[in-house]
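# Per-entry structural report
If you want the building blocks of each chain, they are given just below.
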6 protein chains.
Amino acid sequence: MSVFPEPLPDLLLEPVVRLALLEDLGRAGDVTAALVDAETRLRAAFASRRAGRVAGLACARLAIQALDPTAAFEILIPDGADAPAHTPIARVDARARALLTAERTALNLMCRLSGVATLTAAYVGAVEGLPAVIVDTRKTTPGLRALEKYAVRCGGGVNHRYGLDDAILIKDNHVAAAGGVAAALRRAKAVKGHLTPVEVEVDSLDQLAEAIPFHPDVIMLDNFTLDDLRRAVALTRAGAGASIRLEASGGVSLQTVRAIAETGVDAISVGALTHSAPALDIGLDAE
Amino acid sequence: MSVFPEPLPDLLLEPVVRLALLEDLGRAGDVTAALVDAETRLRAAFASRRAGRVAGLACARLAIQALDPTAAFEILIPDGADAPAHTPIARVDARARALLTAERTALNLMCRLSGVATLTAAYVGAVEGLPAVIVDTRKTTPGLRALEKYAVRCGGGVNHRYGLDDAILIKDNHVAAAGGVAAALRRAKAVKGHLTPVEVEVDSLDQLAEAIPFHPDVIMLDNFTLDDLRRAVALTRAGAGASIRLEASGGVSLQTVRAIAETGVDAISVGALTHSAPALDIGLDAE
Amino acid sequence: MSVFPEPLPDLLLEPVVRLALLEDLGRAGDVTAALVDAETRLRAAFASRRAGRVAGLACARLAIQALDPTAAFEILIPDGADAPAHTPIARVDARARALLTAERTALNLMCRLSGVATLTAAYVGAVEGLPAVIVDTRKTTPGLRALEKYAVRCGGGVNHRYGLDDAILIKDNHVAAAGGVAAALRRAKAVKGHLTPVEVEVDSLDQLAEAIPFHPDVIMLDNFTLDDLRRAVALTRAGAGASIRLEASGGVSLQTVRAIAETGVDAISVGALTHSAPALDIGLDAE
Amino acid sequence: MSVFPEPLPDLLLEPVVRLALLEDLGRAGDVTAALVDAETRLRAAFASRRAGRVAGLACARLAIQALDPTAAFEILIPDGADAPAHTPIARVDARARALLTAERTALNLMCRLSGVATLTAAYVGAVEGLPAVIVDTRKTTPGLRALEKYAVRCGGGVNHRYGLDDAILIKDNHVAAAGGVAAALRRAKAVKGHLTPVEVEVDSLDQLAEAIPFHPDVIMLDNFTLDDLRRAVALTRAGAGASIRLEASGGVSLQTVRAIAETGVDAISVGALTHSAPALDIGLDAE
Amino acid sequence: MSVFPEPLPDLLLEPVVRLALLEDLGRAGDVTAALVDAETRLRAAFASRRAGRVAGLACARLAIQALDPTAAFEILIPDGADAPAHTPIARVDARARALLTAERTALNLMCRLSGVATLTAAYVGAVEGLPAVIVDTRKTTPGLRALEKYAVRCGGGVNHRYGLDDAILIKDNHVAAAGGVAAALRRAKAVKGHLTPVEVEVDSLDQLAEAIPFHPDVIMLDNFTLDDLRRAVALTRAGAGASIRLEASGGVSLQTVRAIAETGVDAISVGALTHSAPALDIGLDAE
Amino acid sequence: MSVFPEPLPDLLLEPVVRLALLEDLGRAGDVTAALVDAETRLRAAFASRRAGRVAGLACARLAIQALDPTAAFEILIPDGADAPAHTPIARVDARARALLTAERTALNLMCRLSGVATLTAAYVGAVEGLPAVIVDTRKTTPGLRALEKYAVRCGGGVNHRYGLDDAILIKDNHVAAAGGVAAALRRAKAVKGHLTPVEVEVDSLDQLAEAIPFHPDVIMLDNFTLDDLRRAVALTRAGAGASIRLEASGGVSLQTVRAIAETGVDAISVGALTHSAPALDIGLDAE
């Protein structure tokens, strides 16, 4: 895991931050701001009420600077690092009106992304020392996929495909429609692009055996028992599939993930990383 | 509570659904779709793996019809009603390619919104028979505020302000900047629009007493103990503030909410409704 | 009235200014600009051909700086203040090509907004010394609502609701559909959000009497005679409605507004402020 | 004049109508709509409170159909025709909620455009029988230029250039920068596109004489006295400029326009057509 | 090769078609359309002046139906098939004004995409019978990448990566920055996502030998002589790299491509497919 | 020809550059960038592999500065000038990651626009010394019309109309629909705007004779033989049409263009300038 993952360029973050700000500003802007003198500056720090993994600082910075281009934003604990409770993560110095207006947008983004990173880090921690990586899914928040997948990386996870266009992932419905695993894989090889990876979901050891000769990049073992996962690993590694990656999927929780990793699979995909991570409770405290 | 809340017009939902679809389609669209015959139709039903409150059916319909305008979508359990586990919520009949391509977008929206509605319904259920209503906050997902606030209504909750522009909400920083509760309220009355509501956050009974004579529409009692909440209710109802609504805020959980409601407050605001609701696990099953 | 009203953040103005500039630039940009040397700078001043109330300086600044980020823009008479005829309101120093290209967009916005502010100031002046405030309506220019409502504030007016979502305003058709004033107000109270204000339009003293017990925030007295307005004020103030605000509407002109205000109503709404204000004739004069 | 001018395609109108609707709907949509039963339909007619020239019916139709695609919209008095007071212009049959929600947007567009058409028709009527046409300017509402110029055509007027890119219009500042009328025209001929028209503004008969030999398509006579206009016409027609069109500009009002037209100029440009036309007072009456 | 490649969903095509139409319509729409009677319908056929491979019919259909939703559009020679010269490819029946207005947009898209498909088909034909596939590059027209890559598929080509985010492609600058081929590949494996393919560009047989042990998905042989290409194939197939795909790049033309393919490489990438394909000369002929 | 044509304002270029960048960045951004150290800077130069006319430098600058606002960009050979092969056109100094990420977008735009300029310059050179100008058409790349027309100017060409709204161009279908050339021109004069130019396409000397008395601004001689072009010039110049411009169209190539120009026509329109110009092969070389 890279503690400090490659950040997304501002160009990709700005439309999201802008949409979020405009959603909060509405038509008339912050009607409470008039209670604060226009010249007042405010110095404040972001801190979490409980320990967690940080993600999303650039969003907070962009939200504040969208309203006050002169705002200073100093990062103390960067994305991908662990923040203890009640410890400054970043410090900001800005016009008070701009800061109070941007505060909720900045926090909404940071709390959600840090929540995703924190839950991911918990899963990654639970499999420490084992070869399996924790990967995310497409069960992300509409409009925030790139940001949430970045947060997964901040948590030490690894990204699965980004959408419907960057990998062929053959699921049960496709298998049924194509007339079996072999037929589906044969057709996938025929239509795929020069670099398009191919993954197939299998529900049984029989389907696994059918898939291995086609050398897909990844085989997803969906809802396998621990015993069957072990058998699947043995079956695949034994023969021609040594270089195929195996991904366990389904029924994964913080309680079960280590046992799954111990079966020897290469990756474990967890939808909850993005669809059910509670927000990390970060606040902005005036100093 | 209205079991079947007024739906948002498609005109407001379409940009969100479209953004979500395009995010999943990427540049090249669904590269796995080619495994399914172009003419095949699919009939499938949405059902939840556990009981929950439904919200977001229109989003699912729009996602599917964006790819297949001829798709039929029949609602069996409408938004705002309770869905038992493993029971069809809606049935769809569409081109198989379109349905498989739109499936994840439809589910991502429905699962999140139904998750919000389900958590809200739990809070609303916890205070049943008491006058207090459950209200949401601005701690929503960037880009989805209107949809999540609608989901809160589906759960029986009541919406707080939609953003920074439709109510003056005087928080501690504003009070500090304005020089006290009285000064802040006086200025708020002077600058507010014809219909702009005014709410003030107070941290103590002293601040409450200072606020009452200005007759704000709502006073938020932030992090009050149960005893202080009771005293606040008594103080406000006794005097000139009989028509002021009191909102309890801070430290609210499913364990504590009934005791808070029993103090006699009019409303209890709960950020977790939108920032930490786990997704409801809805799937789409071919029939 | 605040002489210098809280400005809208640039973030809300920029899309409007950008749209206006692109509309004027078309596909090919300013084809006359080539007649001016690329290096030439121009110093010019905005001034009105007749006295009026200023509004919209930020729009002019943004239009010019969109084409020349180095342009200097000095405000001499700010938004919300009165500009005598032929007196510099603001001074600009910019690349000549950029200034000539942006000139019409800057003026179109400033002339319109100052026109609204000037007409509003005339109405506000006409009721000077009386308690009634002048409020605007939703009869605004498509795309410019936030700016025109800001211009109303520059003129000393007070903003009515911003749109269909920030207040319940029960009109005659709603009353008819709901089965009477009482039924409509009862339903409004049941479905309204935590902070949503409620206003009802009444056409007669009978309807007024029916509305008062429901304590809406505002009652609009539509097309009442002066005598009936006086009776309405007496009736409302006498009883339980002391805190309800009364808004007179219909048939308001600069000739009639003072007599209306003298009846004791709290507010007078005037659609003409935004739908029929003549532009203030501001020009940009090279110095 | 064409009584029924070529309509703008819906593709150009839809973005404007959509922007206007979204501006009114805000985040939450029409919160008063819940007072009306979802199934109720409403039949209503557009009618003006005073006689005027109709423009903008397509906008009204698009606004209503954006919320109720099944709405019927029957035109009785088309764009470009005169509507007597209190006479149905169009009749609509739609879901009541959709109609009440779209009503203000539909009216805001129709009232403004019909206001422009009505004022234009007054100017056109004032010069009846004379060869001069009434032309508009770029002093239009930001975002509405194409619609307002269409409204001018509905009023019998003729459109001037649409923006900075479809004609070279050499104004006083350009003349100054280029070093005189002749130099400016020489340079314009050198840089202009294959079809780009050239117009030059002159302030005196001397400048006019300087311009004629370059055969610009149009010469604008800015703020000329009636006597000088007559001299300008004679001077131009006498010599090589017989085919040059002459446009009078400045100081034009309904009182002065006929005298100006009688000087023999080809066109009279009037900024007030679009920057100061009062809205036509059209309403929507339930039937 | 699939003769009839999976079409892009209309949802991805519509924004491009709409942008193209609005670019042609400008502010005022088709000012020549008024010369045609509004009720006239026109029946016409698309046909090419020379033989070519068809691509982009859906764009033509969408352009016409955007202006006339009732237009009929019948496909005679589908995307991916060969059209002889002067033979109807598709037939359209629409309102004459709409068809004449949309004609140029429809043709601009079809001619360009069919040009790309035709050139691709020429390259594919030149390597017929050999295992090498023809792949495209990122040298596409800004805004049209997905459409041009679809056109490549229509021509029988295979798509390379869609952009910077769906594959790691290590070029010479990356190799230099990372400190050599081995170091770059080691780092790529460490940071890549679960399914991210890895390709590396090598300039020499030495670099190739350095790359093979890291088993990238593809190795690009940049500007290799034919002899070196043969040696590269032998070196790679001989050892551990049997499953690595080899891509030849640089100096490819219709004259050289067959010889390159005969070296045994798996793929040949050709930038000219998209950056220099002449348009296919398709016209729309009234019938 | 102006060697250094008036540049388009950044405001018009930015949306195109941004769209192109986002298309290349996709959802996740440049996943190869992580191989380069975040702090590394790179100095590089744009140079063409063959001699050509430069166009589009501002696009390259904007693409790079969108990712690194601090990037320095020095122009050595400006738009509209000739670049020898292998000679630095511009030099850039930027963060290495930003530069490598923006490189393809910058080049895609510059190569295409310089390709258009280079082909245009070839046509312009071929008619050197003759009065005919080379004009473009509407056969441009969707989304890039303004940029490609600017590139034509960089090549010494002259722009034809920009779209359907800035000139009436009567084509054969319009003539047929209107009932002949005379009828079409009569109607065009009646409906045209104050400054709208009128051009008519004629297919024969008879049609030409019919058109001359209506004095359109331009007559397009479509697919005339050289003999007929000469006759057309004589016929038009002899009589009342001395000031009408004649445009030859159809069958124009670098081989035929000089002979066409020698017939005495004023303009020759060439669709290939924009629809079939091969890209100029510009690269970015690290220094």
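Model, not experiment: these values are computed from the prediction.

Turning our eyes to something else, we now look at the state of the cysteines. Under the criterion given, the structure shown has zero disulfides over all chains. For the unlinked cysteine C111(D), the closest cysteine sulfur is that of C59(D), found at 12 Å.

Right, let's get into the interface of chain C and chain D. Size of an interface: often given as the accessible area lost when the parts come together. Taken together, the contact pairs 56 residues of chain C with 56 residues of chain D. Summed over the three residues of chain C that lose the most area to chain D, namely L35(C), P142(C) and L164(C), the buried surface amounts to 17% of that side. Where chain C packs against chain D, one counts four salt bridges. A salt bridge links R138(C) to D24(D); the shortest N-O distance between them is 2.6 Å. Viewed at the interface, chain D and chain C are joined by 33 residue pairs in polar contact (both at pLDDT 80 or more). Taken together, the elements giving at least two residues each to the side of chain C that touches chain D come down to α1 (10–25), α3 (96–126), α4 (145–154), β7 (168–170), α5 (172–178), α6 (181–191) and α10 (272–275) of chain C.

Residue and element names in this part refer to chain F. Pairing analysis gives seven bridges linking strand β1 (residues 41–48) to strand β5 (residues 88–95), with the strands arranged antiparallel. Within β5, the residue paired with F46 across the bridge is A90. As defined by bridge partners, strand β3 (residues 72–75) adjoins β5 across four bridges and the pair is classed as antiparallel. Note that in β5 the partner of F73 across the bridge is V92.

Looking now at the relation of the copies chain A and chain B. Its rotation angle being 180 degrees, the transformation that places chain A on chain B also includes 0.0 Å of axial translation and leaves an RMSD of 0.0 Å. Taken together, these values place the two copies in the relation of a two-fold axis. Taken as a fraction of all interface residues of chain A, those also at the interface in chain B reach 100%, which identifies the copy contact as same-surface.

Here the focus is the packing of aromatic side chains. Enumeration according to the criterion identifies six aromatic pairs over all chains in this entry. With a centroid separation of 6.1 Å and an interplanar angle of 50 degrees, the aromatic rings of F46(D) and F73(D) are classed as tilted. Of the two residues, F46(D) sits in strand β1 (residues 41–48) while F73(D) sits in strand β3 (residues 72–75), which places them 27 residues apart along the sequence. A single burial state applies to F46(D) and to F73(D), both of which are buried. Note that K149(C) overlies the ring of Y162(C), its terminal NZ or CZ placed 5.3 Å from the centroid.

As a further point, take the packing of helix α3 (residues 96–126) of chain A against helix α4 (residues 145–154) of chain A. All names here are of chain A. Put simply, α3 and α4 touch, their axes get as near as 7 Å, and they point 45 degrees apart. Of the possible angle classes, the one that applies to α3 and α4 is oblique. Considering the relative orientation of α3 and α4, their crossing is right-handed. Residues L109, R112, L113, V116, A117 and T120 of α3 form the contact with α4, whose participating residues are L147, E148, A151, V152 and C154.

The next thing to look at is the sheet that holds strand β12 (residues 282–286) of chain E. Two modes of strand pairing occur in sheets, parallel and antiparallel, and in both the strands are linked by backbone hydrogen bonds. Residue and element names in this part refer to chain E. Pairing is antiparallel in the open sheet, where four strands are placed in the order β3-β5-β1-β12. This sheet does not close on itself; its edge strands, each paired only once, are β3 (72–75) and β12. Across the sheet, the axes of successive neighbouring strands diverge by a mean angle of 20 degrees, strand direction being ignored. Sheet strands touched by helix α2 (residues 57–67): β1 (41–48), β3 and β5 (88–95). Its angle to β3, the strand with the most contacts, is close to 170 degrees.

Bringing the environment of V92(A) into the picture now. Residues and elements named next belong to chain A. Among the secondary structure elements, V92 is positioned in strand β5 (residues 88–95). For V92, a relative accessible area of 1% puts it in the buried group. The spatial distance from the C-alpha of V92 to the C-alpha of A47 is 12 Å, given a sequence separation of 45 residues. When sequence neighbours within four positions are dropped, the list of residues in contact with V92 reads L42, R43, A44, F46, I64, A72, F73, L99 and L284.

Residues and elements named next belong to chain A. If you check the domain split of chain A, you get domain 1 (10–125 + 277–286) and domain 2 (127–275). Just the C-alpha atoms count here: the centres of domain 1 and domain 2 sit 35 Å apart. Applying the counting criterion to the domain 1 and domain 2 interface returns ten residue pairs in polar contact (both at pLDDT 80 or more). Where the side of domain 1 that touches domain 2 is concerned, the elements lending two or more residues are α1 (10–25) and α3. Tallying contributions element by element places α3 first for the side of domain 1 that touches domain 2, with twelve residues. Of the residues that constitute the side of domain 1 that touches domain 2, the class distribution is 15 nonpolar, four polar and three charged.

In this section: the side chain of T105(A). You can see T105(A) is positioned in helix α3. If we ignore the near neighbours within four places in the chain, the residues touching T105(A) are V17(A), A20(A), L21(A), D24(A) and A63(A).

Attention now goes to the interface of chain A and chain B. Taken together, the contact between chain A and chain B spans 55 residues of the former and 55 residues of the latter. Together, the buried faces of chain A and chain B total about 4500 Å²; carbon and sulfur atoms form 57% of this surface. When the buried area of chain A at its contact with chain B is split by residue, L35(A), P142(A) and L164(A) rank highest and sum to 17% of it. Our count for the contact surface shared by chain A and chain B stands at four salt bridges.

For the rest of this paragraph, the subject is the pattern of salt bridges. Side-chain pairs of opposite charge can arise whenever the charged atoms involved come near each other. Following the criterion strictly, the structure yields 90 salt bridges over all chains and no others. The salt bridge partner of D136(C) is K149(C), with a shortest N-O separation of 2.8 Å. Highlighted residues: D136(C) in the loop between β6 (133–135) and α4 and K149(C) in helix α4, separated in sequence by 13 residues. Across the pair, K149(C) and D136(C) agree in class, each one buried. One salt-bridge network, in which partners are shared between bridges, spans D24(A), R138(B) and R145(B).

Quick notes on the rules
- Residues numbered from 1 in each chain as written.
- Chains lettered and ligands numbered in written order.
- Predicted model: local features only at pLDDT ≥ 70, side-chain atom pairs only at ≥ 80, totals over all residues.
- Heavy atoms only, no water.
- Disulfide = S-S within 2.5 Å.
- Contact = heavy atoms within 4.5 Å.
- Buried area = accessible area lost by both parts, 1.4 Å probe.
- Salt bridge = Lys/Arg side-chain N within 4 Å of Asp/Glu carboxyl O.
- Polar contact = N/O pair within 3.5 Å; in protein donor to acceptor, adjacent residues only side chain to side chain.
- Helix = DSSP H or I, 4+ residues; strand = E, 2+ residues; numbered from the N terminus.
- Pairing = 2+ DSSP bridges.
- Least-squares fit on C-alpha atoms with pLDDT ≥ 70 in both.
- Phe/Tyr/Trp six-rings, centres within 6.5 Å; stacked < 30°, edge-to-face > 60°.
- Buried < 20%, exposed > 50% of the residue type's maximum accessible area, 1.4 Å probe, protein only.
- Lys NZ or Arg CZ within 6 Å of the ring centre and 35° of its normal.
- Axes fitted to C-alpha atoms, helices over the stretch in contact; angles between N-to-C directions.
- Parallel < 35°, antiparallel > 145°, perpendicular 65-115°, else oblique.
- Left-handed = near helix turned anticlockwise from the far one by under 90°.
- Domains from an automatic or database assignment.
- Nonpolar A, V, L, I, M, F, W, Y, C, P; charged D, E, K, R; others polar.

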